[in-house]
Amino acid sequence: MSDKFSFAKAARRCVRLYLGALCVGMLSAPALAAPSAFRASDGAEAPAETMEAALAEDSLVIILGGGEAISLFGLEARATAPTRLFVTLSSEFLTAAVASGRIEASSGQQARAGDALVLQIDGGVVSRRAFDAERLAASNSPGAAALLASDLNTLAARQRRLHFWGYYEPTGVNAAAPSSPALEALRRSYLDPSIIVRQRRAASEARLSLAANDFLAALRNGDQVSVAAMLDPAPFLARVGPDGLAAARMRAAARIVADAGLRTALASEPSIELAPDNQSARINGVAGAWRLSLVAHDRAVFIAALEPEIP
Amino acid sequence: MIELVFALALASEAPQAGFSAEALAAQTSGQAPHADGAILARAEALREIFILNPEEAFATLDPMEQRALSRSVGRFDAASAISLSWFFRGAIAHAAPRAEIVGLYNPLVDTWLVMRMRYAAGAWRIADATLVDGAQLRAPSAPYWANASDDALGALAANQSQTVAAFDARFAQGASASTPDQTAFSTLAARTSAWMSGLGAWREASDRVAAAERVRQAIMRGRAARMAASGAVWRGREIDNLPQRVRATLAITAAAPRADGHTLFLISPYAPDILIVLDMRGTTPASLSVVNLANAAHGGAAP
């Protein structure tokens, strides 16, 4: 009798297992609330709310539980299984390479281990590509290497077999650095701050007014980081180069933000008129008009000057 | 109360000077330490303005820089504007490590504009400039790639990687500037003229121009892969994966006749190290490939 199958027993067992799983799920839910992100250089954790800012400085390893999602500069994707991603921002692409697991972009593309979802910063198109796990493993920073070595080694072995059978063909384009390394470092120094990346995702005809509005909003809010990111990089680069750019622009932004007179004059959301030459905007402030000089580099718009208009 | 009103009146009546990034950079960046990146940034900025309008850009330089460039490159006037713009459009900026030397290298004509920079009046400026033939720089190794009898693209990639290595070896760590290359100017002029004449001759037949233009438009829209011809080398998919702004700014920059048609080179000023090579057999696209010179120069494989 005891060896016979009992529907009642099986049903009770199923209910116990279901309730147990539900409890485990509830207990562990807070730990899975947000993906974990770690800096590629040293493995230090990057808080979820500052992931975009962290990406401007370093590549990230992002660990997602099944069902968890990421949203970075408009690339929105959800893990359909426990997933480890290597995410990097270049002057042209945001690339989320799947080292293990599976993700699905909100635009429908699915990527599994060995695939990468690639967002073109200009235009915002998302595509799926394969990446070379062996080259990534060989060139990875220590923090990322520690977190991804096992996944990438497994993947590299699989890719070697596929390459042998002709399924893969190496290409000459590096998504992490589409230009020469020195030029890529130069461009990243001024194109990667999140406020500039968001601007470049906008249609080209909207970028001038977006730049003017973003800058005035940052000035009103005393947002020194955004003011710094929007200052014309050229005169700073000519003095300090890409390595010193962020610090030099932050010092300059501190002066601008500390200028109470300037902030007061532009405090009440003044109207903005773009000039026909697309190189300046007229700001109608409470105490008079201002001329905002705009300059484009690599199809992003920066602020060259803000000066009172001569009556 | 009265004092508060007075204070507010003062604040609103105070002269509002605003700011300029140029002035702020001068005030907050201090005296520039030596920085390869700053020198590279200056070279890239020069390249950008020289592409748009060499004559106007030249006029914005200070007299020291104008003299240096005039001595090496010649006149920056309306007559030379097209060829100068052509040179800078396809030139790749490269800074020698830990030295005040930067070069703009155009791989199609295998020629460097080598510039010695000096920090003066708050910016890195051109103190001296000279043209150097790539073949002279890397002598006695590979000659000018266009003279290679076979695998011209392989020779082009080899020229690039060898000449960058030779440039670094010669100019790194403050080594003296190059010995003036007396023949470089005439060599550059002859090669530029040959490429531009080739382009002009190719443009004479409107049907083949239209056919190539259809391929260029497909590349710009990210649809090169769809044009694949069976059995041909057609790197459309790889080219579609290039950054959008590189594809959108590609222009047919050079043309060379072949026995059965023409080889066309498409270059974007944003990424002059990426060459798209289109072989046309009459009005039929025969093959499409891409050479990433940046990769070739750093140990990567060029297709």
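Description of the structure in this document. Here the structure is a predicted model, which is why all the values come from computation and not from measurement.

## With respect to the sheet that holds strand E7 (residues 102-105) of chain A
Residue and element names in this part refer to chain A. Read across the sheet, four strands follow the order E3-E4-E7-E8 without closing on themselves; strand pairing throughout is antiparallel. Of all strands in the sheet, those with a lone pairing partner are strand E3 (69-72) and strand E8 (110-112), marking the two edges. Strand after strand, the sheet turns through a mean of 25° between neighbouring axes, direction not considered. The sheet contact formed by E7 and E8 spans three bridges and is antiparallel. Its bridge partner lying in E8, Arg102 is registered against Arg112.

## Regarding the interface of chain A and chain B
Interfaces are often sized by the amount of accessible area the parts lose when they come together. Contacts between the two partners involve 49 residues from chain A, matched on the other side by 46 residues from chain B. In terms of residue count, the dominant contributor to the side of chain A that touches chain B is helix H9 (residues 234-258) of chain A (16 residues). Tallied by class, residues from the side of chain A that touches chain B come to 28 nonpolar, 11 polar and 10 charged. Strand direction decides the pairing type here: strand E14 (residues 300-308) of chain A and strand E1 (residues 19-20) of chain B, joined by two bridges, are antiparallel.

## A closer look at the sheet that holds strand E7 (residues 261-267) of chain B
Residues and elements named next belong to chain B. Pairing is antiparallel across the open sheet formed by four strands, whose spatial order is E6-E7-E8-E9. Two strands close off the open sheet at either side, each with one partner strand: strand E6 (251-258) and strand E9 (284-292). Pairs of neighbouring strands in the sheet enclose a mean axial angle of 20°, with direction left out of account. In the sheet, strand E8 (residues 274-281) pairs with E9 via eight bridges, with the strands oriented antiparallel. Of the residues in E9, the one forming a bridge with Ile274 is Asn292. Running over the sheet, helix H10 (residues 206-220) touches E6, E7, E8 and E9 and is turned about 140° from E8.

## Regarding the pairing of E7(B)
Residue and element names in this part refer to chain B. Buried residues dominate E7, accounting for five of its seven residues. Of the pairings in the sheet, the one linking E6 to E7 comprises seven bridges and is antiparallel in character. Along E7, the bridge assignment pairs Ile252 with Leu266. Connecting E6 to the antiparallel partner E7 that follows it, the hairpin turn spans two residues. Where E7 and E8 come together, five bridges link them in antiparallel fashion. The partner of Leu264 across the bridge, within E8, is Leu278. The hairpin turn running from E7 into E8, its antiparallel successor, is six residues long.

## As for H9(A)
Residue and element names in this part refer to chain A. Helix length check: H9 (25 residues) gives 23 Å between terminal C-alpha atoms against 36 Å at 1.5 Å per residue, more than 12% under. Where H9 bends most, the angle comes to about 120°, and this point is Gly241, followed within four residues by the proline Pro242. Burial analysis of H9 places 18 of its 25 residues in the buried class, the great majority of the element.

Cut-off values and rules
Residues numbered from 1 in each chain as written. Chains lettered and ligands numbered in written order. Predicted model: local features only at pLDDT ≥ 70, side-chain atom pairs only at ≥ 80, totals over all residues. Pairing = 2+ DSSP bridges. Helix = DSSP H or I, 4+ residues; strand = E, 2+ residues; numbered from the N terminus. Axes fitted to C-alpha atoms, helices over the stretch in contact; angles between N-to-C directions. Contact = placed C-beta atoms within 7 Å. Nonpolar A, V, L, I, M, F, W, Y, C, P; charged D, E, K, R; others polar. Buried ≥ 20, exposed ≤ 12 C-beta atoms within 10 Å, placed from the backbone. Expected span 1.5 Å × (residues − 1). Bend = angle between axes of the 7 residues up to and from the residue.

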